[in-house]
Amino acid sequence: MALLQEIKVPLLSVNDTSLTIIDTPFTSGEKVDTGQVIVVFETSKTSYEVTAETPGYIQYLCSNGDDYEVNEVVVKIFSDSKDIDLSVETPVKKIKKLAPINTKEWSGETQFSSGAKKLLEENELSSDLFKGYDFVSKEDVMAIMVSSPKTKKNKLANSVSQMPKQTRLDIIDYKISSGKKIEIDYLSDVQQAGLTSTVHIYVDTAFIFGHLNNALKALKNSILPLVIYESSRLLKKYPLLNAFYNSDSISVYKDINPGFAIDIGKGLKVLNVKNAGELSIQHIEEKILDLSGKYLDDKLELEHLTDITFTITDLSAEGTFLFKPLVNFMNSSILGISSIDTKLNRCVLSMTFDHRITEGKLVAGFLQELKIRLESYRSDNQSLMNQDVMCFKCRKKLKDDLADVGFSKCITPKGDEAYICQSCFKGY
Amino acid sequence: MTNNPIHHRHIKTALTIRLVEEKFLQLFSEGKLNGTVHTCVGQEFSALAFAGQLKKKDFVFSNHRCHGHYIAFTDDVRGLLAELLGKETGTCGGIGSSQHLCNNNFFSNGIQGGIVPVAAGYALGNKLKKNGAIGLVYIGDGTLGEGALYETMNIISKWEIPLLIVCENNFYAQSTAQQVNLAGDIESRAAAFGINTYKGYTSSPEELLSKAEEVISYVRDECKPAFFLVETYRLNPHSKGDDDRDPAEIEKFRNNDYLEIFQKTNPVYYNQYQTEITNEIDVLLSDIFNDSDLALDKYYSPKVPVENADWMALDPIGKRQVELLNTFFKDKMVADELTVFIGEDILSPYGGAFKVAKDLSFIAPERTFSTPISESAIMGISNGLALNGFKPFAEIMFGDFITLAFDQIVNHASKFYHMFNKKVSCPVVVRTPMGGRRGYGPTHSQTLDKFLIGIDNVKTVALNTFFDPAVLYHSISSEIHPVIVIENKIDYGKKILNHQSPNYYYERTDDLYPVVRVRPILSKPTLTIVSYGGMADLINTILNDIFVETDLKPELIIPSLISEMPVHLIADSLEESGKLLFVEEGSASGGIGAELAAQVAEYTDFKYVFRRIAALPVPVPSVKSLENLVIPDKNRIIQEIKYYFT
């Protein structure tokens, strides 16, 4: 017994995220031969026939006239008719008919902005996609492109849809959002092969912000701008980490465009810090702030989301010790930043990489060099750091203390370690 | 000084005027009067001779020195006392005080020459009503310096308007002696316009009274204007402390004053009258002091804006805007006998510079007035007609010239209703074509709308090419307050909704002053454009270019009542688009876009971007290439949208 062929709902146009089945010529359990039409889909423009690639026994997991989402399995062919459990009702949940993008009936001629036209041409997209639109701006084109990674000039594994798992326990099904599905698609590209590995290293962060905070305007005590800055420079020496696995070859990017992952309420996005290898830390900080602002204001454009050659994901604000980041599609590595342990003055950097392209030794070398570079920012002069020491009672800073006596280390009534100025210590 | 006895009734009235004014001065020095007082002590018989001898149906327009005229015409001492004491029971509720009185056909205003055309318009109304009533306007010798007087004298003579101008010559304009500023002769100024002129003296009251009676009859019977010069002298300062005259001069005139002489020659009567009148005044005052001041809500209460959410689709009309305007006015002139059309060069067959008035003078010749080049008089006469119950439509040939009528709009039309405590209203309409793109150059191409939107109690309406202007004019016709209508030279020749950009929905609200909205059929707008009048017409034709070039999906909102912007509708659109653009044909500084920005900011609580596109701050040049740069054209608008918003 064997499953010979599985037919999923195909993506025929970016507009059609679900298709209607308009013909199922056989009934489940019947024998079919190679070349016979076994199911017909209707798209917004035409009908699409699927033929059997092998002789076998057919099982329909769909019914005529209903809509099914792209990638759902609707037909299976087995080698043996016994494999087909006809008592099982079609397990594929059919979806509700989706409302068209534009809810009003309209059939006028669509107007395209010149920006939209250019974008269509660049991406070899047909203007027919926008039938029923009144106006199509660049943003509209981008929305279509982003909502469907298939329109990009790369191929992705169809990893999202699998046979729904059966269980006798009571369960509640939550539908996976389209954004999450895109994320799964993106991450499946590399991870699906199962050949990734992660290397961790720690960086001594004691007094690392002494000078750094003077250079940063807003992202004080954040190591992210520095990591982007140093890793971008270091990547020139490690081209394989700025590359991607392309069928039988390894494609190495000439540009170094690190992206940083962000997820603050509007979905996980990776934003492109273009040519970070050429930017100063201040510029990188500005770039991060600018992109984050655009992310929050929903003003991201295609160029902010694409052409990322290497990814950095910063979970340092989340109290993490270490984690395993997942390599983004069309990347060969990803660098994760965990939280700085303020007691131990250290922070773990983790790099997951595509083993089809490189191996742990190279990545460990990269991390080691990165560690050295980062630690070189540590201030030798501890007094610089201590300038920010604050009296826990009057909140006066050491540098503002005119008494010229210094602060004492103390234990607060709550039991915390803190500093106290002489005035407060003496009680006036 | 004549020794002819005059009726004691007149002496008592004159003495009442004097004693009331002397009481005012006393109250002022006691700090009980707010503001100022201009007394006519010494000039009382001028009031008696003219205002005192009119019929009730006649009317009086007076100036800042009006107490005597008021008492002589209305006999309302209590109303005057209460008015100056700022009481609700005052003739104008204490709003107007000394210089701004209104009661039973008596009007006064603190603007000098400006009252003359208003009086002429009121008198013209009486002539049209054929009610046998005449008008009287008091001016002083100081008023001879103002041009509105001469514009009006020309017209009242030409049109034979029954108005008597009484010039009270007290030889001082405030503190300046007459010889410093007055050239030539006074009487011959009126005579030059073919107006019968007369002269009399307050020092000879009996002669003055009889001459006045004679002139009043002349004006009434002949239905012609007259000019009466009264030589007089005020024994008190212009106002209160502003007197640098030679005390010997004043003393000389005081000795020649009729009431002073009467006091000496008839002390028994004088003292009796004085006691009676003084007692009467004191009794009135003790009563008035108990009266309350006018409450603010009786004077002003903010209007609750009417928000009409009903939208109706717009359809093209195969007619030019000017044809529709002309049709409206032809119908209106026929249907409503109180409608008057007035302006320069409007007689048919010419029918006005832009032909809006075509054939009106054939249809209603008695109510179509083609005027000399006298914008101030056009506006003033219209104000007077409006006060007298007519619906005047004044045409200012070019919007640029509206500045010449500005005093009449701001200091008269706008104020009458409130300053006369809502006893009268002034439903005047002034129409004028604004805008450039015709190469008429600096003084015939301006857009001065920004000076016209902030006048209290005056609506400013701008026509557009999106729907029949008659809709607006029907609403305007039923207004009881002044309306300025901005028309557009270029729009006159355009057909209504002749251009419709594809993929837009054209609609308007069902309001008295509809707001037009041009919105994408399906898409959410990503740019809200507000514009009006001729500029809105241009924007409409380039909507698609804006989209193609800038990638922004514009929604165009076109208010017609530009003095009260539809902020809620604009905010609704802005909430979707986040970007607001105002395009105006005038220059930006202190402009209509500035006002809109303030109002939208006050109304909204979300973030958005606001920009203006406006004319450059220089006179509109005649040369086409430069005119197209100074007034925003298609290219500049698209460029600036790109620059500001993308």
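Residues numbered from 1 in each chain as written. Chains lettered and ligands numbered in written order. Predicted model: local features only at pLDDT ≥ 70, side-chain atom pairs only at ≥ 80, totals over all residues.

**Some details on the overall build of chain A**
Consideration 1: Helix and strand counts for chain A stand at ten helices and 20 strands.
Consideration 2: The buried share of chain A, taken over its 428 residues, is 32%.
Consideration 3: Intrachain contacts of chain A at a sequence separation of at least 6 include 63% that bridge at least 24 residues. (Helix = DSSP H or I, 4+ residues; strand = E, 2+ residues; numbered from the N terminus. Buried ≥ 20, exposed ≤ 12 C-beta atoms within 10 Å, placed from the backbone. Contact = placed C-beta atoms within 7 Å.)

**Some details on the overall build of chain B**
Consideration 1: A count of helical and extended segments in chain B gives 24 helices and 24 strands.
Consideration 2: Across the 646 residues of chain B, 53% fall into the buried class.
Consideration 3: The long-range share in chain B, meaning contacts at least 24 apart out of those at least 6 apart in sequence, stands at 78%.

**Side note on the nonpolar core**
Consideration 1: Ala119, Ala120, Val137 and Leu164 of chain B are the most contacted members of the largest nonpolar core, which totals 198 residues.
Consideration 2: At eight residues, helix H5 (residues 115-129) of chain B tops the list of elements feeding residues into this core.
Consideration 3: Ranked by size, the runner-up nonpolar core spans 48 residues in total, among them Phe260, Leu271, Ile288 and Leu291 of chain A. (Core = buried A, V, L, I, M, F, W, Y, C linked by C-beta atoms within 7 Å.)

**What about the sheet that holds strand E5 (residues 47-51) of chain A?**
All names here are of chain A.
Consideration 1: Ordered by their spatial adjacency, four strands build an open sheet running E5-E4-E2-E7, and the pairing between neighbours is antiparallel. Here the strands that pair on one side only, and so sit at the sheet edges, are E5 and strand E7 (67-69). Across the sheet, the mean angle separating the axes of adjacent strands is 40 degrees when strand polarity is ignored.
Consideration 2: Here three bridges tie strand E2 (residues 18-23) to strand E4 (residues 37-42), and the two strands are oriented antiparallel to one another. Its bridge partner being in E4, Ile21 is matched across the sheet by Phe41. (Pairing = 2+ DSSP bridges. Axes fitted to C-alpha atoms, helices over the stretch in contact; angles between N-to-C directions.)

**Some details on the sheet that holds strand E17 (residues 483-488) of chain B**
All names here are of chain B.
Consideration 1: The strand order E13-E12-E14-E15-E17-E16 describes an open sheet built from six strands, whose pairing is parallel. Looking at the sheet topology across the chains shown, the edges are occupied by strand E13 (368-371) and strand E16 (459-462). Averaged over all adjacent pairs, the angle separating strand axes in this sheet is 20 degrees, with direction ignored.
Consideration 2: Direction of pairing for strand E12 (residues 339-344) relative to E13: parallel, over a ladder of four bridges. Directly across from Phe341, in E13, lies its bridge partner Thr368.

**Quick notes on the interface of chain A and chain B**
Consideration 1: On the chain B side, the residues contacting the 15 residues of chain A number twelve residues.
Consideration 2: Looking at the side of chain A that touches chain B element by element, the count peaks at three residues for helix H1 (residues 114-122) of chain A.

**Some words on helix H20 (residues 543-550) of chain B**
Residue and element names in this part refer to chain B.
Consideration 1: All of the buried residues along H20 are Leu543, Ile546, Phe547 and Thr550. For H20, the arc enclosing every buried residue in end-on projection is 100 degrees, short of the 170-degree limit, so these residues lie on one face.
Consideration 2: Positive phi shows up at Asp551, right after H20, with a value of about 75 degrees. (Arc of directions from axis to C-beta.)

**What about the packing of helix H4 (residues 77-84) of chain B against helix H12 (residues 267-288) of chain B?**
Residue and element names in this part refer to chain B.
Consideration 1: For the pair H4 and H12, the least separation of the axes is 10 Å and the interaxial angle reads 50 degrees. One element, H4, and the other, H12, form an angle in the oblique class. Crossing of H4 over H12 shows right-handed handedness. In contact with Val77, Arg78, Leu81 and Ala82 of H4, H12 contributes Leu284, Leu285 and Ile288. (Parallel < 35°, antiparallel > 145°, perpendicular 65-115°, else oblique. Left-handed = near helix turned anticlockwise from the far one by under 90°.)

**Observations regarding the packing of H20 of chain B against helix H24 (residues 634-645) of chain B**
Residues and elements named next belong to chain B.
Consideration 1: Relative orientation of the contacting elements H20 and H24 amounts to 40 degrees, with a least axis distance of 10 Å. By the angle between their axes, H20 is oblique relative to H24. Here H20 and H24 pass one another in a crossing that is right-handed. The segment H20 lies against H24, with Asp545, Ile546, Glu549 and Thr550 engaging Lys634, Ile638, Ile641, Lys642 and Phe645.
Consideration 2: Looking at the contact of H20 with H24 residue by residue, the class counts come to four nonpolar, one polar and four charged. (Nonpolar A, V, L, I, M, F, W, Y, C, P; charged D, E, K, R; others polar.)

**Things to note about the confidence of the model for chain B**
Caution is warranted with low-pLDDT regions, since their predicted coordinates should not be read in detail.
Consideration 1: Chain-level statistics for chain B give a pLDDT mean of 95 and a share of 99% at 70 or above.
Consideration 2: Predicted complex, confidence summary: ipTM 0.78, pTM 0.68. (pLDDT = per-residue confidence, 0-100.)

**Topic: unusual backbone geometry**
Consideration 1: Pro349 of chain B follows Ser348 of chain B through a cis peptide bond whose omega is 15 degrees.
Consideration 2: Mapped onto the fold, Pro349 of chain B is located in the loop between E12 and helix H15 (360-363).
Consideration 3: Phi is positive for Asn275 of chain A, which is not a glycine, with a value near 50 degrees.
Consideration 4: You can see Asn275 of chain A is positioned in the loop between strand E15 (269-272) and helix H6 (281-296).

**Side note on the environment of Leu370 of chain A**
Residue and element names in this part refer to chain A.
Consideration 1: Position of Leu370 among the secondary structure elements: in helix H8 (residues 360-375).
Consideration 2: Distance from Leu370 to Leu235, taken between C-alpha atoms, is 9.7 Å for residues 135 residues apart in sequence.
Consideration 3: Leu370 has contacts with Glu230, Ser231, Leu234 and Leu349, leaving out every residue within four places of it along the chain.

**Notes on the pairing of strand E15 (residues 429-434) of chain B**
All names here are of chain B.
Consideration 1: Along E15, six of the six residues are buried, which leaves the element largely enclosed by surrounding structure.
Consideration 2: Of the two faces of E15, the one lined by Val429, Arg431 and Pro433 and the one lined by Val430, Thr432 and Met434 are each fully buried.
Consideration 3: The pairing of strand E14 (residues 391-395) with E15 spans three bridges and is classified as parallel. Bridge assignment links Ala394 to a residue of E15, and that residue is Val430.
Consideration 4: Crossover handedness for the path E14 to helix H17 (residues 406-419) to E15: right-handed.
Consideration 5: Pairing of E15 with E17, which is carried by six bridges, proceeds in the parallel orientation. Residue pairing in the sheet places Thr432 in a bridge with Ile486 of E17. (Right-handed = clockwise from strand over helix to strand, strands pointing away.)

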